[in-house]
Amino acid sequence: MLFFEFGLKDIIDIVLVAVMLFYAYRLMKESRSLNVFIGILVFIVLWLIVSQVLQMKLLGSIMDKVLSVGVIGLVILFQDDIRKFLFNLGERQRMRALRRFFTNGDKKLDKVHLKQAIMPVVLACMSMSKKRVGALIVIQRATPLDDIVSTGEIINADINQRLIENLFFKNSPLHDGAMVIAKERIKAAGCILPVSHDLNIPKELGLRHRAALGITHESDCVAIVVSEETGSISIAIHSKFHLRLSAEKLESILTQELA
(Lines give C-alpha, C1' and ligand atoms only; values in the text may rest on other atoms or scores of the structure.)
Protein backbone atom coordinates (compact mmCIF):
# COMPACT_ATOMS: atom_id res chain seq x y z
CA MET A 1 0.00 0.00 0.00
CA LEU A 2 1.24 3.48 -0.88
CA PHE A 3 -0.83 5.15 1.80
CA PHE A 4 -0.64 4.53 5.53
CA GLU A 5 -2.25 5.99 8.62
CA PHE A 6 -0.45 9.07 9.90
CA GLY A 7 -1.62 10.38 13.26
CA LEU A 8 -0.63 12.61 16.16
CA LYS A 9 1.62 9.93 17.64
CA ASP A 10 3.68 9.83 14.43
CA ILE A 11 4.08 13.62 14.46
CA ILE A 12 5.29 13.53 18.07
CA ASP A 13 7.66 10.69 17.18
CA ILE A 14 9.19 12.65 14.29
CA VAL A 15 9.52 15.83 16.39
CA LEU A 16 11.27 13.95 19.22
CA VAL A 17 13.70 12.30 16.79
CA ALA A 18 14.40 15.70 15.19
CA VAL A 19 15.10 17.26 18.62
CA MET A 20 17.43 14.39 19.54
CA LEU A 21 19.32 14.75 16.25
CA PHE A 22 19.57 18.52 16.73
CA TYR A 23 21.06 18.19 20.22
CA ALA A 24 23.41 15.43 19.04
CA TYR A 25 24.50 17.67 16.15
CA ARG A 26 25.13 20.62 18.49
CA LEU A 27 27.03 18.40 20.92
CA MET A 28 29.27 17.05 18.16
CA LYS A 29 29.80 20.52 16.69
CA GLU A 30 30.92 21.93 20.06
CA SER A 31 33.36 19.05 20.52
CA ARG A 32 34.66 19.46 16.93
CA SER A 33 33.40 15.98 15.98
CA LEU A 34 30.95 16.99 13.28
CA ASN A 35 32.50 14.60 10.74
CA VAL A 36 31.93 11.75 13.17
CA PHE A 37 28.28 12.76 13.52
CA ILE A 38 27.81 12.86 9.73
CA GLY A 39 29.52 9.47 9.41
CA ILE A 40 27.16 7.99 12.02
CA LEU A 41 24.12 9.34 10.15
CA VAL A 42 25.37 7.90 6.85
CA PHE A 43 25.92 4.51 8.48
CA ILE A 44 22.41 4.54 10.04
CA VAL A 45 20.83 5.42 6.67
CA LEU A 46 22.75 2.61 4.96
CA TRP A 47 21.73 0.20 7.73
CA LEU A 48 18.05 1.13 7.28
CA ILE A 49 18.26 0.70 3.50
CA VAL A 50 20.03 -2.66 3.74
CA SER A 51 17.92 -4.15 6.53
CA GLN A 52 14.47 -2.60 5.95
CA VAL A 53 14.24 -1.69 2.24
CA LEU A 54 16.48 -4.22 0.50
CA GLN A 55 16.07 -6.82 3.28
CA MET A 56 19.59 -8.24 2.88
CA LYS A 57 19.67 -10.61 5.83
CA LEU A 58 23.40 -11.39 5.97
CA LEU A 59 24.68 -7.84 5.48
CA GLY A 60 21.87 -6.49 7.66
CA SER A 61 22.77 -8.82 10.55
CA ILE A 62 26.45 -7.82 10.28
CA MET A 63 25.53 -4.13 10.38
CA ASP A 64 23.21 -4.82 13.36
CA LYS A 65 26.15 -6.23 15.31
CA VAL A 66 28.42 -3.36 14.29
CA LEU A 67 25.75 -0.85 15.36
CA SER A 68 25.21 -2.46 18.77
CA VAL A 69 28.95 -2.56 19.50
CA GLY A 70 29.42 0.92 18.00
CA VAL A 71 27.00 2.49 20.49
CA ILE A 72 29.18 1.30 23.38
CA GLY A 73 32.27 2.60 21.59
CA LEU A 74 30.68 6.02 21.07
CA VAL A 75 29.73 6.25 24.75
CA ILE A 76 33.35 5.54 25.70
CA LEU A 77 34.74 7.90 23.06
CA PHE A 78 32.45 10.82 23.90
CA GLN A 79 31.98 10.21 27.62
CA ASP A 80 33.12 13.73 28.58
CA ASP A 81 30.73 15.39 26.11
CA ILE A 82 27.83 13.16 27.11
CA ARG A 83 28.48 13.84 30.78
CA LYS A 84 28.56 17.58 30.12
CA PHE A 85 25.28 17.39 28.17
CA LEU A 86 23.52 15.38 30.89
CA PHE A 87 24.91 17.68 33.59
CA ASN A 88 23.59 20.78 31.82
CA LEU A 89 20.21 19.11 31.40
CA GLY A 90 20.02 18.20 35.08
CA GLU A 91 21.29 21.60 36.14
CA ARG A 92 18.43 23.37 34.39
CA GLN A 93 15.85 21.20 36.12
CA ARG A 94 17.52 21.64 39.49
CA MET A 95 17.84 25.40 39.16
CA ARG A 96 14.16 25.74 38.33
CA ALA A 97 13.23 23.71 41.41
CA LEU A 98 15.58 25.73 43.63
CA ARG A 99 14.19 28.96 42.25
CA ARG A 100 10.66 27.90 43.17
CA PHE A 101 11.77 26.67 46.60
CA PHE A 102 13.65 29.84 47.57
CA THR A 103 11.23 32.37 46.10
CA ASN A 104 10.10 33.50 49.55
CA GLY A 105 13.62 33.91 50.97
CA ASP A 106 15.03 37.04 52.61
CA LYS A 107 16.69 38.66 49.59
CA LYS A 108 18.09 41.61 51.54
CA LEU A 109 19.83 39.29 54.00
CA ASP A 110 21.15 37.19 51.12
CA LYS A 111 22.69 40.28 49.51
CA VAL A 112 24.43 41.24 52.75
CA HIS A 113 25.91 37.78 53.21
CA LEU A 114 26.84 37.62 49.55
CA LYS A 115 28.73 40.91 49.66
CA GLN A 116 30.57 39.83 52.82
CA ALA A 117 31.71 36.69 51.02
CA ILE A 118 32.56 38.34 47.70
CA MET A 119 34.47 41.48 48.73
CA PRO A 120 37.45 39.71 50.41
CA VAL A 121 37.86 37.61 47.27
CA VAL A 122 37.69 40.66 44.98
CA LEU A 123 40.14 42.67 47.11
CA ALA A 124 42.55 39.73 47.36
CA CYS A 125 42.46 39.23 43.58
CA MET A 126 43.16 42.91 42.94
CA SER A 127 46.06 42.90 45.39
CA MET A 128 47.56 39.74 43.88
CA SER A 129 47.05 41.17 40.40
CA LYS A 130 49.18 44.22 41.27
CA LYS A 131 51.92 42.01 42.73
CA ARG A 132 51.77 39.49 39.83
CA VAL A 133 50.93 36.61 42.20
CA GLY A 134 49.23 33.72 40.46
CA ALA A 135 46.01 32.40 41.96
CA LEU A 136 43.17 30.00 41.19
CA ILE A 137 39.99 30.26 43.28
CA VAL A 138 37.00 27.97 42.76
CA ILE A 139 33.65 28.95 44.26
CA GLN A 140 31.17 26.12 44.69
CA ARG A 141 27.54 26.58 43.75
CA ALA A 142 24.88 23.82 43.51
CA THR A 143 27.25 20.99 42.56
CA PRO A 144 29.33 19.70 45.52
CA LEU A 145 33.12 19.74 45.05
CA ASP A 146 33.99 17.25 47.80
CA ASP A 147 36.16 15.19 45.43
CA ILE A 148 38.20 18.31 44.57
CA VAL A 149 38.46 19.36 48.23
CA SER A 150 39.85 15.93 49.15
CA THR A 151 42.85 16.47 46.84
CA GLY A 152 44.09 19.48 48.82
CA GLU A 153 44.73 20.59 52.39
CA ILE A 154 41.63 21.24 54.49
CA ILE A 155 41.48 24.87 55.72
CA ASN A 156 37.82 25.37 56.77
CA ALA A 157 38.23 29.05 57.64
CA ASP A 158 36.25 32.25 57.19
CA ILE A 159 36.79 34.06 53.91
CA ASN A 160 39.55 36.56 54.62
CA GLN A 161 41.58 38.71 52.23
CA ARG A 162 44.91 38.26 54.04
CA LEU A 163 44.43 34.50 54.33
CA ILE A 164 43.77 34.22 50.60
CA GLU A 165 46.87 36.26 49.76
CA ASN A 166 49.05 34.27 52.16
CA LEU A 167 47.90 30.94 50.75
CA PHE A 168 48.84 32.07 47.22
CA PHE A 169 52.11 33.74 48.25
CA LYS A 170 54.94 32.44 46.03
CA ASN A 171 56.79 30.74 48.87
CA SER A 172 53.65 29.09 50.22
CA PRO A 173 53.56 25.28 49.70
CA LEU A 174 49.92 25.56 48.58
CA HIS A 175 50.25 28.36 46.04
CA ASP A 176 50.34 26.10 42.97
CA GLY A 177 46.99 24.43 43.64
CA ALA A 178 43.44 25.75 43.65
CA MET A 179 41.49 27.17 46.57
CA VAL A 180 37.93 25.95 47.03
CA ILE A 181 35.32 28.21 48.64
CA ALA A 182 31.99 26.68 49.62
CA LYS A 183 29.14 27.82 51.86
CA GLU A 184 30.92 31.10 52.66
CA ARG A 185 34.00 29.23 53.93
CA ILE A 186 37.47 28.55 52.55
CA LYS A 187 37.25 24.76 52.50
CA ALA A 188 40.65 23.78 51.14
CA ALA A 189 43.78 24.97 49.30
CA GLY A 190 46.34 23.30 47.09
CA CYS A 191 43.59 21.33 45.33
CA ILE A 192 44.07 19.55 42.01
CA LEU A 193 41.64 20.35 39.20
CA PRO A 194 40.91 18.56 35.92
CA VAL A 195 42.64 20.28 33.00
CA SER A 196 40.70 21.22 29.88
CA HIS A 197 42.19 20.08 26.56
CA ASP A 198 40.08 22.49 24.52
CA LEU A 199 42.11 23.54 21.48
CA ASN A 200 40.25 26.85 21.27
CA ILE A 201 41.82 28.22 24.45
CA PRO A 202 44.15 31.13 23.52
CA LYS A 203 47.81 30.11 23.62
CA GLU A 204 48.75 32.96 25.95
CA LEU A 205 46.60 31.43 28.70
CA GLY A 206 48.46 29.04 30.97
CA LEU A 207 47.78 25.92 33.00
CA ARG A 208 45.74 27.76 35.65
CA HIS A 209 43.30 28.91 32.98
CA ARG A 210 43.02 25.40 31.57
CA ALA A 211 42.33 24.04 35.05
CA ALA A 212 39.71 26.74 35.63
CA LEU A 213 37.96 25.85 32.38
CA GLY A 214 38.29 22.13 33.15
CA ILE A 215 36.43 22.35 36.47
CA THR A 216 33.62 24.38 34.88
CA HIS A 217 33.19 21.57 32.33
CA GLU A 218 32.29 19.21 35.17
CA SER A 219 30.38 21.45 37.57
CA ASP A 220 28.46 24.72 37.81
CA CYS A 221 31.17 26.40 39.88
CA VAL A 222 32.81 29.78 39.27
CA ALA A 223 36.60 29.75 38.80
CA ILE A 224 38.71 32.90 39.18
CA VAL A 225 42.24 33.09 37.79
CA VAL A 226 44.94 35.68 38.49
CA SER A 227 47.72 35.41 35.93
CA GLU A 228 51.25 35.27 37.32
CA GLU A 229 52.72 36.51 34.03
CA THR A 230 50.44 39.46 33.27
CA GLY A 231 48.51 40.03 36.50
CA SER A 232 45.22 40.01 34.58
CA ILE A 233 42.10 38.62 36.25
CA SER A 234 39.85 36.15 34.44
CA ILE A 235 36.80 34.16 35.40
CA ALA A 236 35.48 30.88 33.94
CA ILE A 237 31.75 30.14 34.06
CA HIS A 238 29.84 27.45 32.15
CA SER A 239 32.97 26.52 30.15
CA LYS A 240 33.48 30.12 28.98
CA PHE A 241 36.07 32.75 29.89
CA HIS A 242 35.61 36.40 30.83
CA LEU A 243 39.09 37.90 30.43
CA ARG A 244 40.90 41.00 31.70
CA LEU A 245 38.40 41.99 34.38
CA SER A 246 38.45 45.12 36.52
CA ALA A 247 37.51 45.02 40.20
CA GLU A 248 34.05 46.40 39.42
CA LYS A 249 33.44 43.86 36.65
CA LEU A 250 34.66 40.97 38.79
CA GLU A 251 32.38 41.99 41.65
CA SER A 252 29.46 42.43 39.27
CA ILE A 253 29.89 38.97 37.70
CA LEU A 254 30.30 37.25 41.07
CA THR A 255 27.24 39.01 42.47
CA GLN A 256 25.18 38.05 39.45
CA GLU A 257 26.32 34.42 39.34
CA LEU A 258 26.27 33.68 43.07
CA ALA A 259 23.06 35.54 43.96
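Residues numbered from 1 in each chain as written. Predicted model: local features only at pLDDT ≥ 70, side-chain atom pairs only at ≥ 80, totals over all residues. Heavy atoms only, no water.

### Comments concerning the side chain of S239
So, step 1. Of note, S239 is situated in the loop between β6 (233-237) and β7 (240-242).
So, step 2. We classify S239 as buried; its relative accessible area is 16%.
So, step 3. Engagement of the side chain of S239 in a polar contact is seen with the side chain of H217, the distance being 2.7 Å. (Helix = DSSP H or I, 4+ residues; strand = E, 2+ residues; numbered from the N terminus. Buried < 20%, exposed > 50% of the residue type's maximum accessible area, 1.4 Å probe, protein only. Polar contact = N/O pair within 3.5 Å; in protein donor to acceptor, adjacent residues only side chain to side chain.)

### What about unusual backbone geometry?
So, step 1. Phi at N156 is positive, roughly 50°, even though this residue is not glycine.
So, step 2. By secondary structure assignment, the location of N156 is in strand β2 (residues 153-158).
So, step 3. You can call N156 partly exposed: its relative accessible area is 39%.
So, step 4. Unlike most non-glycine residues, K183 shows phi in positive territory, near 55°.
So, step 5. Along the chain, the position of K183 falls in the loop between β3 (178-182) and β4 (185-191).
So, step 6. For K183, a relative accessible area of 72% puts it in the exposed group.

### Things to note about the pattern of salt bridges
So, step 1. This model, assessed by the stated rule, comprises 4 salt bridges.
So, step 2. Taking the shortest distance from any N to any O, the salt bridge between K131 and E165 comes out at 3.6 Å. In this pair, K131 sits in helix α5 (residues 107-131) while E165 sits in helix α7 (residues 161-167), placing the two residues 34 residues apart along the sequence.
So, step 3. Its relative accessible area of 53% is what places K131 among the exposed residues.
So, step 4. A residue is classified by how much of its surface remains accessible, and E165, at 17% relative accessible area, is buried.
So, step 5. We note a salt bridge from E228 to R208, for which the minimum N-O separation is 3.4 Å. Remark: R208 occurs in helix α8 (residues 207-218) and E228 occurs in the loop between β5 (222-226) and β6; sequence separation between them is 20 residues. (Salt bridge = Lys/Arg side-chain N within 4 Å of Asp/Glu carboxyl O.)

### Section: the pairing of β4
So, step 1. With 4 bridges connecting them, β2 and β4 associate as antiparallel partners. Within β4, the position partnered with E153 by the bridge is A189.
So, step 2. Sheet topology places β3 next to β4; 4 bridges connect them, and they run antiparallel. Following the sheet pairing, A178 is matched in β4 by C191.
So, step 3. Here β3 hands over to β4 after 2 residues, with K183 in that stretch at a positive phi of 55°. (Pairing = 2+ DSSP bridges.)

### Observations regarding the sheet that holds β5
So, step 1. Across the sheet, 7 strands lie side by side as β2-β4-β3-β1-β5-β6-β7; this open sheet has mixed pairing. Edge positions in the sheet fall to β2 and β7, since each of these pairs with one other strand and no more. The average undirected angle you get between the axes of adjacent strands in this sheet is 20°.
So, step 2. Strands in contact with α8 are β1 (135-139), β5, β6 and β7; relative to β5, the strand with the most contacts, it is inclined by about 175°.
So, step 3. Helix-sheet contacts for helix α9 (residues 247-258) involve β1, β5, β6 and β7, and the interaxial angle to β6 is about 20°. (Axes fitted to C-alpha atoms, helices over the stretch in contact; angles between N-to-C directions. Contact = heavy atoms within 4.5 Å.)

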